[in-house]
Amino acid sequence: MIKNENNNSKSVIENWQKVNTQVAMAGEQANRPEADVTLLAVSKTKPAEMVATLAEQGQCHFGENYLQEAIEKINSLKANTDCEDIVWHYIGSIQRNKTRDIAENFDWVQTVERDIIAKRLNNQRPEALPPLNVLIQVNIDNEDSKSGCLSAELPELISTIKGYKRLQLRGLMIIPAKSDTNAFARTKQLFEDVKGAHPELSKWDTLSMGMSGDMVEAIAEGSTMVRVGTAIFGERS
Ligand SMILES: *Cc1c(COP(=O)(O)O)cnc(C)c1O
C-alpha cells in the first residue's frame, strides 16, 4: 500500500515537472517570457493528498469543478502549512443557489457568464476577504450546449460587473469546440478589445485558455493561464 502511494505521488510530481517544462517551452517558442503563463492544476476528482504533494513542490494555483468536493478538500488542507499559499479557482458551472459557497471559499471564479450570478457573488463575498477575482466565460463558438456568454453580450456584462466592488474583473476564459481552429486567436482579440475600451480595468490581465490537449497552441496564441488536469494527475475515472 505504502509503496503504491509513493509511486503515485512520484508520478504526479514527474508529470507536473514535465508540464511545467512544456509550458515554459511553449512560452519561449512564442517569444513570451515564462512568468507570463500561470499553470492551474485542475484537481477535480483527485484526493487532497495529491494537491498537498504538489503544493509542497511549489504549485500554487488549483482548480475545482464540483463544489461539495472542493469545499471538503479546501477545508481538509487548511491545517497543512504547505498549503497555506494555495490559490483556489472555481471552474465549474455555477447554479444560482451555489454562489454563496463560491464567494466564501474561493479566490477566483472563472465561469461567470451572466449578471445575476455576478451580482450574487458580489453581495455574498465576505468583507473579511479581498475582492473575488472573476473571469468571464465566453461561449466563443456560439454552441447551444455550451456555457458562457456570447461575444456580443460581453461589452454589457463587462460594464455591469466592473461596478461591483467585491469583484475584481481579471479577464476571459474559454473552452473551445475541438473543431474550432482559431478560437484562441479570436478570444485574444476580444481580450485586447476589452482592454482597449476599458483602460480603467487595472487588473485586466488573464486569458484562461488551453487544457491538457491544447495548451501549447493556446500559449502560442496568447493564453496567460492554462488549466491542466489529466496531464498532471492522470485520467479521471
Ligand atoms: C476538467 C477541466 C479542465 C482540465 O482538463 P484536462 O483535459 O484534464 O486537462 C480544464 N478546464 C475546465 C473548465 C475543466 O472542467
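Our subject in this report is the structure included herewith. (Residues numbered from 1 in each chain as written. Predicted model: local features only at pLDDT ≥ 70, side-chain atom pairs only at ≥ 80, totals over all residues. Heavy atoms only, no water.)

A cluster of acidic residues, Glu-56, Asp-82, Glu-84 and Asp-85, forms a negative patch on the protein surface. Its location among the elements puts Asp-82 in the loop between helix H3 (67-77) and strand S3 (87-90). The class for Asp-82 is partly exposed, based on a relative accessible area of 39%. (Patch = residues over 30% accessible without salt bridge, like charges linked within 9 Å, V, L, I, M, F, W, Y side chains within 5 Å. Areas by Shrake-Rupley, 256 points an atom, 1.4 Å probe, with all protein chains shown as cover. Salt bridge = Lys/Arg side-chain N within 4 Å of Asp/Glu carboxyl O. Lys, Arg positive; Asp, Glu negative; His and termini not counted. Charge placed at Lys NZ, Arg CZ, Asp CG, Glu CD. Helix = DSSP H or I, 4+ residues; strand = E, 2+ residues; numbered from the N terminus. Buried < 20%, exposed > 50% of the residue type's maximum accessible area, 1.4 Å probe, protein only.)

For strand S4 (residues 108-112), a buried count of five out of five residues is recorded, marking the element as mostly surrounded by other parts of the structure. Sheet topology note: the S3/S4 ladder contains two bridges and is parallel. Opposite His-89, over in S4, you have Trp-108 as the bridge partner. Following the backbone out of S3, through helix H4 (residues 99-105) and into the adjacent parallel S4, one traces a crossover that is right-handed. For S4 and strand S5 (residues 132-137), the ladder comprises three bridges, and the chain directions are parallel. Bridge pairing in S5 places Val-109 opposite Val-134. Handedness of the S4-helix H5 (residues 115-124)-S5 crossover: right-handed. (Pairing = 2+ DSSP bridges. Right-handed = clockwise from strand over helix to strand, strands pointing away.)

Counted under the stated rule, the structure contains three aromatic pairs. Each ring, one from Phe-191 and one from Trp-204, has its centre 5.5 Å from the other, and the planes form 20°; the classification is stacked. Separated by 13 residues along the polypeptide, Phe-191 in helix H7 (residues 183-197) and Trp-204 in the loop between H7 and strand S7 (206-208) bring together distant segments of the chain. (Phe/Tyr/Trp six-rings, centres within 6.5 Å; stacked < 30°, edge-to-face > 60°.)

On to the site of the ligand, then. Around the ligand lies a shell of 13 residues, among which Lys-44, Asn-65, Ser-212, Gly-229 and Thr-230 are the nearest. Gly-229 places a main-chain nitrogen or oxygen 2.8 Å from an oxygen atom of the ligand. At 2.5 Å from an oxygen atom of the ligand is found a side-chain nitrogen or oxygen belonging to Thr-230. When the ligand is considered free in solution it has 390 Å² of accessible area, and contact with the protein chains removes 89% of it. Residue composition of the shell around the ligand, grouped by class: six nonpolar, four polar and three charged. (Near = heavy atom within 4 Å. Polar contact = N/O pair within 3.5 Å; in protein donor to acceptor, adjacent residues only side chain to side chain. Nonpolar A, V, L, I, M, F, W, Y, C, P; charged D, E, K, R; others polar.)

Further remarks concern the state of the cysteines. Applying the stated criterion across every chain, the model contains zero disulfides. Cysteine Cys-60 remains unbridged, with the sulfur of Cys-83 as its closest cysteine sulfur at 11 Å. For Cys-60, a relative accessible area of 28% corresponds to the partly exposed category. (Disulfide = S-S within 2.5 Å.)

In this section: the pattern of salt bridges. A side chain with one charge can pair with a side chain of the opposite charge if their charged atoms come near. Under the definition given, this model contains 13 salt bridges. A salt bridge links Arg-186 to Asp-141, with the nearest nitrogen and oxygen atoms 3.8 Å apart. Note that Arg-186 is positioned in helix H7 and Asp-141 in the loop between S5 and helix H6 (154-161), a separation of 45 residues in sequence. Its salt-bridge partner being Arg-186, residue Asp-180 comes within 3.0 Å of it at the nearest N-O pair. Owing to a relative accessible area of 31%, Arg-186 belongs among the partly exposed residues under this scheme. If you follow the salt bridges from partner to partner, you end up with Glu-64, Glu-69 and Lys-73 in one network.

The quantities given are spatial measurements derived from coordinates; they are silent on function.
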